[in-house]
Amino acid sequence: MAEFYKAKTDKKIKLPLYEFPVSAGFPSPAEDFVDKHLDLNEYIVKHPAATFFVRVKGNSMRDCGISDGDLVVVDRALDPGDKSIVVAFLNGEFTIKRVRLKKGELYLVPENTEYEPIRVTEEMDFQVWGVVTHAIKEIR
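Residues numbered from 1 in each chain as written. Predicted model: local features only at pLDDT ≥ 70, side-chain atom pairs only at ≥ 80, totals over all residues. Heavy atoms only, no water.

## Thoughts on the packing of aromatic side chains
Selection rule: Here is the rule: rings of Phe, Tyr and Trp (six-membered ring for Trp) pair when centre to centre is within 6.5 Å. Planes less than 30 degrees apart are stacked, more than 60 are edge-to-face, and the remainder are tilted. Note on conventions: DSSP H or I runs of at least 4 residues are helices, E runs of at least 2 residues are strands, and numbering of each starts at the N terminus. Classification of residues uses two cut-offs on accessible area relative to the type maximum, computed with a 1.4 Å probe and protein chains only: under 20% is buried, over 50% is exposed, and between them is partly exposed. Ring-over charges, as used throughout, are those where CZ of Arg or NZ of Lys falls within 6 Å of the ring centre and within 35 degrees of the ring normal.
Under the criterion given, the structure shown has three aromatic pairs. With centroids separated by 6.5 Å and ring planes inclined at 85°, the aromatic side chains of F52 and W129 adopt a geometry described as edge-to-face. Of the two residues, F52 sits in strand β4 (residues 51–55) while W129 sits in strand β10 (residues 126–136), which places them 77 residues apart along the sequence. A relative accessible area of 25% means that W129 is categorised as partly exposed. Taken together, F52, F89, F94 and W129 form an aromatic cluster joined through their ring pairs. Positioned over the ring face of W129 is R76, at 5.0 Å from the centre of the ring. The side chain of K102 reaches across the aromatic face of Y107, ending 5.8 Å from its centre.

## Some remarks on the environment of R119
This is how it is decided: Contacts are residue-level and defined by heavy atoms, with any inter-residue pair within 4.5 Å sufficient. Polar contacts, as counted here, are pairs of nitrogen or oxygen atoms within 3.5 Å of one another; within protein the pair requires one atom able to donate a hydrogen and one able to accept it, and residues that are adjacent in sequence qualify only if both atoms are side-chain atoms.
Relative to the helices and strands, R119 resides in strand β9 (residues 118–120). Separated by 14 residues in sequence, R119 and E105 place their C-alpha atoms 7.3 Å apart. Once residues within four sequence positions are removed from consideration, R119 is found in contact with E105, L106, Y107 and M124. At 3.5 Å, the side chain of R119 forms a polar contact with the side chain of E105.

## A word on the pattern of salt bridges
Our working definition: One side-chain nitrogen of Lys or Arg within 4 Å of one carboxyl oxygen of Asp or Glu is enough to make a salt bridge.
Counted according to the given criterion, the structure contains six salt bridges. Its salt-bridge partner being D82, residue R100 comes within 3.0 Å of it at the nearest N-O pair. Placement of R100 in strand β7 (residues 93–102) and of D82 in the loop between β5 (71–75) and β6 (85–90) is noted, with a sequence separation of 18 residues between them. Assessed through its relative accessible area of 36%, D82 is described here as partly exposed.

## Notes on the nonpolar core
Across soluble globular proteins, nonpolar side chains have a tendency to be buried as a group. Put simply, the test is: By convention a nonpolar core is built from buried Ala, Val, Leu, Ile, Met, Phe, Trp, Tyr and Cys residues, the set being connected through side-chain atoms within 4.5 Å.
With 11 residues, the main nonpolar core is built from F52, V54, V56, M61, I66, V72, V74, I85, V87, I96 and V132. Elements that contribute at least two residues to this core include exactly β4, β5 and β6. Core analysis: the next-biggest nonpolar cluster, separate from the first, contains seven residues, V86, V99, V120 and V131 among them.

## Quick word on the side chain of N112
One can find N112 in the loop between β8 (105–109) and β9. Polar contacts involving the side chain of N112 include one to the main-chain amide nitrogen of E114, which spans 2.9 Å. Other than its neighbours up to four places away in sequence, N112 contacts N59, S60, R62 and D63.

## Quick notes on the pairing of β5
Our working definition: If DSSP finds at least two bridges between two strands, the strands pair.
With five of its five residues buried, β5 lies for the most part within the structure. Covered by surrounding structure in β5 are L71, V73 and D75 together with V72 and V74, the residues of both alternating faces. Bridging between β4 and β5 involves five bridges; their strand directions are antiparallel. In the strand pairing of β5, T51 is matched with D75.

## Things to note about the pairing of β6
Within a regular strand, the side chains alternate between the two sheet faces. With respect to burial, β6 is a largely interior element, five of its six residues being buried. Both β6 and β7 contribute to a ladder of six bridges, which runs antiparallel. Each residue of the ladder has a partner; that of A88, found in β7, is T95. Linking β6 back to β7 in an antiparallel pair, the connection comprises two residues, with N91 at a positive phi of about 50°. The pairing of β6 with β10 spans five bridges and is antiparallel. Its bridge partner lying in β10, V86 is registered against V131.

Put into structure tokens, the structure is as follows:
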């Protein structure tokens, strides 16, 4: 991962939000609905001063829905815990992985069986940069 973007939330952009479900199977008859306005900043950015975006490179997290080219929202104000997905700095490189704590040991675990978990040791240069809260993807 190499592209980092700062969350800019000073401009409000409220887009229509239709409160009726859209069927992904058979079409459903029209129902009454309430439309509201949704600012995606309010929805995905909880801590603006501590939030940034990162473009994902690679497919080690594909099985949890994070793919090559996606933008992930990363919140530095959140504390990572067991099973959190994080952006971490490990031995001079950035990576996105799931944190796992097993028997007092810390692992960075990919969500793709083609990759091996990484056991983090005290000898490694390791730092969590933030917790991933959302993935934004382009539908092709």
